[in-house]
Amino acid sequence: MKMFKIFGILFFCGLLTPSQEVPPDLSCAVSPGALRNVLSGAMLQNGLLQQHLQSLVLPNIMGEGGLLNAPISITGLHLVKAQFPDLSVILLPGIGVQMTIVAKLDLKGNSLVGLLSEIIDIVLDVSITANIKCTNYELGTVQVIIEDCLCIFGAVKMKLLSGLLSLSINDLVYNQLTGALPRLLCSVINMVVNLVSIQLLGTLNAVIPLGTAGTIQYQLARLPFTSGSFLALDLDGAVQQVGGSIIPHDSSFAVLPPVLDKLLVLGLHQSFLNEVLSLLIQRLSQRFPCTPEAFSGAKQLKEAVMTLLPAGCSSCPRTDPLGVKIALSGSPLLLLETNKATLKLSVVIQLFVQHLDESVRNLLLLKAVSINVKTS
């Protein structure tokens, strides 16, 4: 069901202690493992971060070094490939989400050492850590920002066909690259985080049609909240009939159980589910002839009913066929208990005589007030 887009929502925002002014209808608690999976899929697995890193404009490297302190020039430096061995997530209580991406950058450029010009390959390991936070909640939306971004570099590996490299060239390249790359890499991370946040936060404000019966609309109810072990998200939902008004329901605050070893805990209020079910379960009344083929025991039932009819009931000839009609009465009721959910339906069973002139005479009305359907 489209409603479970909310599984993909989150998984960004962290952030401030939630206000209790707006009661939620849906509550989610998500673990760091689920956050990691969502961010990895949205940024790395689809190539989004790789794509934006390859648009980096890297500065030229100039200096003295090599044989006899010959001038060194490295130009046209660009990213050939980026590998991402790891992405990790830490929840910062009351602050937000800390994301760390380990990357291996493969760079290529044109080098000039003295009078010798050739292609140079540079491989650089870097760990990028960014603190992500949601702020400025308004009308179901939030702003996603990066408060801090830190780059930690590993060793630089360089290769020339001639092999004319010295320690001074390594130091020169390392110092100039690590001086320029943090600003460039953090700028790309900020851009990608914003693109992903727009995509994910778009699932927080949705209108979902329920066939021809009505719609469900939900949006973020407040700023998300982080503890040391989970991220909590509350949504404000509304159920509306087609051409009608919003169906009122209790939307008091729900306390979710601990996430523990689960990736995601999703809580839906019982009253909210009842209003959804009232739209989904709208079967038309069922009507069928009371024949042995259509109704088990119809012959015995017909004989029993006919014995109850007054002897002088001339309008109820015993040769007229019996009919049965079953219709829902009122709205379905969902009861949530520990490890159990029970759906109660009320139905009216009508036994009637169908005359030859198509008129109907009711013989029996039976209301079943407790037809229980257990779900897990």
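Thresholds applied
Residues numbered from 1 in each chain as written. Predicted model: local features only at pLDDT ≥ 70, side-chain atom pairs only at ≥ 80, totals over all residues. Heavy atoms only, no water. Helix = DSSP H or I, 4+ residues; strand = E, 2+ residues; numbered from the N terminus. Buried < 20%, exposed > 50% of the residue type's maximum accessible area, 1.4 Å probe, protein only. Contact = heavy atoms within 4.5 Å. Areas by Shrake-Rupley, 256 points an atom, 1.4 Å probe, with all protein chains shown as cover. Pairing = 2+ DSSP bridges. Salt bridge = Lys/Arg side-chain N within 4 Å of Asp/Glu carboxyl O. Disulfide = S-S within 2.5 Å. Core = buried A, V, L, I, M, F, W, Y, C linked by side-chain atoms within 4.5 Å. Domains from an automatic or database assignment. Polar contact = N/O pair within 3.5 Å; in protein donor to acceptor, adjacent residues only side chain to side chain. pLDDT = per-residue confidence, 0-100. Expected span 1.5 Å × (residues − 1).

Chemist: Give a detailed account of the overall build of the chain, specifying residues and quantitative values.
Modeler: Secondary structure assignment for the chain yields 5 helices and 17 strands. For the chain, the proportion of its 376 residues judged to be buried stands at 44%. A sequence separation of at least 24 residues applies to 65% of the contacts in the chain between residues at least 6 apart. For the chain, the accessible area works out to roughly 19700 Å², and carbon and sulfur atoms hold 58% of it.

Chemist: Outline the pairing of strand β6 (residues 141-160), supporting the account with residue identities and numerical values.
Modeler: Alignment of strand β5 (residues 116-138) against β6, held across 16 bridges, turns out to be antiparallel. Bridging across to β6, I128 finds its partner in C151. Between β5 and β6, which pair antiparallel in sequence order, lie 2 residues; one of them, L139, sits at a positive phi of approximately 55°.

Chemist: Describe the pattern of salt bridges, listing the residues and the values that go with them.
Modeler: Overall, the coordinates contain 4 salt bridges when judged by the stated rule. For the salt bridge of K108 with D121, the shortest nitrogen-to-oxygen distance reads 2.4 Å. Residue K108 is found in strand β4 (residues 96-113), and its partner D121 is found in strand β5; the two are separated by 13 residues along the sequence. For the salt bridge of K133 with E147, the shortest nitrogen-to-oxygen distance reads 3.6 Å. One end of the pair, K133, is in strand β5; the other, E147, is in strand β6, and 14 residues separate them in sequence. Residue E147 is classed as partly exposed on the basis of its relative accessible area, which comes to 42%.

Chemist: Explain unusual backbone geometry to me, and be specific about the residues and the numbers.
Modeler: Of note in this structure, N136 is not a glycine but carries a positive phi near 55°. Within the secondary structure, N136 sits in strand β5. Located in the positive-phi region is L139, a residue other than glycine, with phi close to 55°. With respect to the element layout, L139 can be found in the loop between β5 and β6. Overall, the relative accessible area of 69% leaves L139 in the exposed class.

Chemist: Tell me about the state of the cysteines, residues and numbers included.
Modeler: For the structure shown, the criterion picks out 1 disulfide. Disulfide pairing places C149 opposite C186 at an S-S distance of 2.0 Å. Across the S-S bond of C149 and C186 the torsion is about -85°, and the bridge reads as left-handed. With C149 in strand β6 and C186 in helix α3 (residues 167-201), this residue pair connects regions lying 37 residues apart in the sequence. No disulfide involves C151; its sulfur sits 4.0 Å from the nearest other cysteine sulfur, which is in C186. The exposure class of C151 is buried, given its relative accessible area of 13%.

Chemist: Please give an account of the environment of H269 that cites residues and values.
Modeler: Tracing the sequence through the fold places H269 in the loop between β12 (264-268) and α4 (270-280). Separated by 243 residues in the primary sequence, H269 and L26 place their C-alpha atoms 6.5 Å from one another.

Chemist: Could you give me a rundown of the environment of G330, with the residues and numbers involved?
Modeler: Within the secondary structure layout, G330 lies in the loop between β14 (322-328) and β15 (333-337). Sequence separation between G330 and S346 is 16 residues, and the spatial gap between their C-alpha atoms is 6.7 Å.

Chemist: Got a sec to walk through α4? Specific residues and values, please.
Modeler: Think of an α-helix as 3.6 residues a turn; residues three or four steps apart then line up on the same face. Summarising burial for α4: 8 of the 11 residues are buried, a large majority. Among the residues of α4, those classed as buried are S271, F272, N274, E275, V276, L277, S278 and L279.

Chemist: How would you sum up the nonpolar core? Please name residues and give values.
Modeler: Of all hydrophobic cores here, the largest spans 80 residues; its most connected members are L53, M99, L105, I122, V173, L185 and I189. With 15 residues, the top contributor of residues to this core is α3. There are two domains that each give this core at least three residues, and those are domain 1 (32-204) and domain 2 (206-281). Residues in contact with V173, not counting those within four places in the same chain, are I61, I74, I122, V156 and M158. Residues L277, L334, A341 and L345 belong to the second largest nonpolar core, which totals 5 residues.

Chemist: Give a description of the side chain of S197 that names residues and reports values.
Modeler: Along the chain, the position of S197 falls in helix α3. Among the residues examined, S197 registers a relative accessible area of 5% and is labelled buried. Engagement of the side chain of S197 in a polar contact is seen with the backbone oxygen of N194, the distance being 2.7 Å.

Chemist: Tell me about the confidence of the model for the chain, and name the residues and values.
Modeler: The predicted model of the chain has a mean per-residue pLDDT of 78, with 77% of residues at 70 or higher. Helix α2 (residues 48-53) holds the highest mean pLDDT among the elements of the chain, 95, whereas helix α5 (residues 298-308) holds the lowest, 57. Within the model, the stretch residues 1-23 combines pLDDT values under 50 with 87 contacts to residues more than four positions away or in other chains.

Chemist: Just give me the short version of helix α1 (residues 32-45), but keep the residues and values in it.
Modeler: Between its first and last C-alpha, α1 extends 18 Å over 14 residues, near the 20 Å set by a 1.5 Å rise per residue. With its phi angle positive at about 80°, G47 sits one or two positions after the end of α1.

Chemist: How would you explain the environment of K344 if you had to name every residue and give the values?
Modeler: Along the polypeptide, K344 turns up in strand β16 (residues 340-354). With 10 residues separating them along the chain, K344 and L334 place their C-alpha atoms 6.3 Å apart.

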